[in-house]
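Coordinates in review
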Amino acid sequence: MDFQPMKYIWEPAVNSNGYTLLLLHGTGGDESHLLPIGARIGAGFNILSLRGNVLEHGMSRFFRRLSMGVFDEKDVHFRTHEMVHFLQELSLGLGFDPDKLIAVGYSNGANIAGATLMIYPELLAGAILFRPMQPLHGLETAFETEKSQPVLISSGKEDSTVNPDATAGYASLLEANGFKVSTVQVEAGHNLSQQDITLAGKWLKDSF
């Protein structure tokens, strides 16, 4: 397949054999966007931050969408395979353990992380999904993990972008397929808040 390399930032920890936070930005972000959050929630972790390969009106994304909230699911599949292939190749060069990747995604980045959970259900060691939407449909009975990886879903009470009922259904779907899902709802809209960071840091410490 015609996979393209991805731009990234790599910040190894003192113990680079430990867990790696895989930072995945939202629409219009880049590989530097979530670095401050990664440092605040996961001191002592390797940091690997990627930039999405898709441009929408000059803004970086991880996959195409057809309209607001409507994803090009064919492209979601392709870009997920592209990202996982890149991660596997990159792990050989940088020396991080591909079995110890914890995705930390915001909005569009949370959705490519969620697609990875669905297409490669045993790849990630865990995931923090800020303001996610279910990225794929039709796979409800086609993915399953036996590892019971922890997943945190953080939604905003005032978020007009994401339907709270859909978020609850998405969480239930992941849980039904073997993931250990925790959900929190913060006093915020679609943007991230200090409460998101505090709760994610505590969850990460408790889970890993």
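Read on for an overview of the structure. As the structure is a prediction and not an experimental result, all values here were calculated from the model. (Residues numbered from 1 in each chain as written. Predicted model: local features only at pLDDT ≥ 70, side-chain atom pairs only at ≥ 80, totals over all residues. Heavy atoms only, no water.)

With that settled, the discussion passes to the side chain of Asn46. With respect to the helices, strands and loops of the structure, Asn46 is situated in strand 3 (residues 46–50). Ignoring anything within four residues of it in the chain, the contact list for Asn46 reads Trp10, Glu11, Pro12, Ala13, Asn15, Ser16, Gly18, Tyr19, Thr20, Leu21 and Phe96. (Helix = DSSP H or I, 4+ residues; strand = E, 2+ residues; numbered from the N terminus. Contact = heavy atoms within 4.5 Å.)

The final tally for this structure, using the stated rule, is six aromatic pairs. Their ring planes at 50° and their centres at 5.4 Å tell us that Phe3 and Phe78 sit as a pair that is tilted. With Phe3 in the segment before strand 1 (8–11) and Phe78 in helix 2 (residues 73–94), this pair connects stretches of sequence that are 75 residues apart. For Phe3, a relative accessible area of 22% corresponds to the partly exposed category. Arg61 extends its terminal NZ or CZ atom over the ring of Phe63, reaching a point 5.3 Å from the ring centre. One residue, Lys100, lies across the ring of Tyr19, its end atom 5.8 Å from the ring centre. (Phe/Tyr/Trp six-rings, centres within 6.5 Å; stacked < 30°, edge-to-face > 60°. Buried < 20%, exposed > 50% of the residue type's maximum accessible area, 1.4 Å probe, protein only. Lys NZ or Arg CZ within 6 Å of the ring centre and 35° of its normal.)

Attention shifts here to the sheet that holds strand 10 (residues 150–156). If you trace the seven strands from one edge of the open sheet to the other, you get 1-3-2-8-9-10-11, paired in mixed fashion. Because the sheet does not close on itself, it has two edges, and the strands there are strand 1 and strand 11 (180–186). Recorded for the sheet is a direction-independent mean angle of 15° between the axes of neighbouring strands. Across four bridges, the pairing between strand 1 and strand 3 is antiparallel. (Pairing = 2+ DSSP bridges. Axes fitted to C-alpha atoms, helices over the stretch in contact; angles between N-to-C directions.)

A few words on the packing of helix 2 against helix 3 (residues 108–119). Angle between the axes and distance between the axes are the two parameters that describe a pair of packed helices. Close contact between helix 2 and helix 3 brings their axes to 10 Å; oriented N to C, the two are set at 85°. The pairing of helix 2 with helix 3 is recorded here as roughly perpendicular in orientation. Across the interface between the two elements, Val76, His77, Arg79, Thr80, His81, Met83 and Val84 from helix 2 touch Ile112, Ala115, Thr116 and Ile119 from helix 3. Of the residues in the contact of helix 2 with helix 3, the class split is six nonpolar, four polar and one charged. (Parallel < 35°, antiparallel > 145°, perpendicular 65-115°, else oblique. Nonpolar A, V, L, I, M, F, W, Y, C, P; charged D, E, K, R; others polar.)

The side chains of a regular strand alternate, first on one face of the sheet and then on the other. When you tally the buried positions in strand 2 (residues 20–24), you get five out of five residues, the bulk of the element. Burial along strand 2 is two-sided: the residues Thr20, Leu22 and Leu24 and Leu21 and Leu23 are all buried. Pairing analysis gives five bridges linking strand 2 to strand 3, with the strands arranged parallel. Residue pairing for strand 3: Leu21 is matched across the bridge by Ile47.

By the element assignment, Glu82 lies in helix 2. Classification of Glu82 as buried rests on a relative accessible area of 2%. Separated by 81 residues in sequence, Glu82 and Met1 have C-alpha atoms that sit 8.5 Å apart. Not counting the four nearest positions on each side in its chain, Glu82 is found in contact with Asp2, Phe3, Gln4 and Asn53.

Here we come to the nonpolar core. For soluble globular proteins, nonpolar side chains are generally found buried alongside one another. If you look at the biggest cluster of nonpolar residues, it comprises 38 residues, and the most contacted ones within it are Leu24, Leu48, Leu50, Leu117, Leu129, Val151 and Leu174. Counting residues per element, the ones that place at least two in this core are strand 2, strand 3, helix 2, strand 8 (101–106), helix 3, strand 9 (126–130), strand 10 and helix 4 (164–176). Leu35, Ile37, Phe45 and Ala125 belong to the second-largest nonpolar core, a separate cluster that totals 19 residues. (Core = buried A, V, L, I, M, F, W, Y, C linked by side-chain atoms within 4.5 Å.)

All right, on to the pattern of salt bridges then. One pass over the structure, following the stated rule, counts nine salt bridges. Ionic pairing is found between Arg79 and Asp75, a salt bridge with its closest N-O pair at 3.4 Å. Here Arg79 and its partner Asp75 are both found in helix 2, four residues apart, which amounts to about one turn of the helix. With relative accessibility at 15%, the residue Arg79 sits in the buried group. In this structure Asp75 comes out as buried when scored by relative accessible area, which is 4%. With its nearest N and O atoms 3.0 Å apart, the salt bridge here joins Glu82 to Arg79. Of this pair, Glu82 and Arg79 are both found in helix 2, three residues apart, which corresponds to roughly one turn of the helix. One salt-bridge network, in which partners are shared between bridges, spans Arg64, Asp72, Asp75, Arg79 and Glu82. (Salt bridge = Lys/Arg side-chain N within 4 Å of Asp/Glu carboxyl O.)

Shape is all these values report; function is a separate question.
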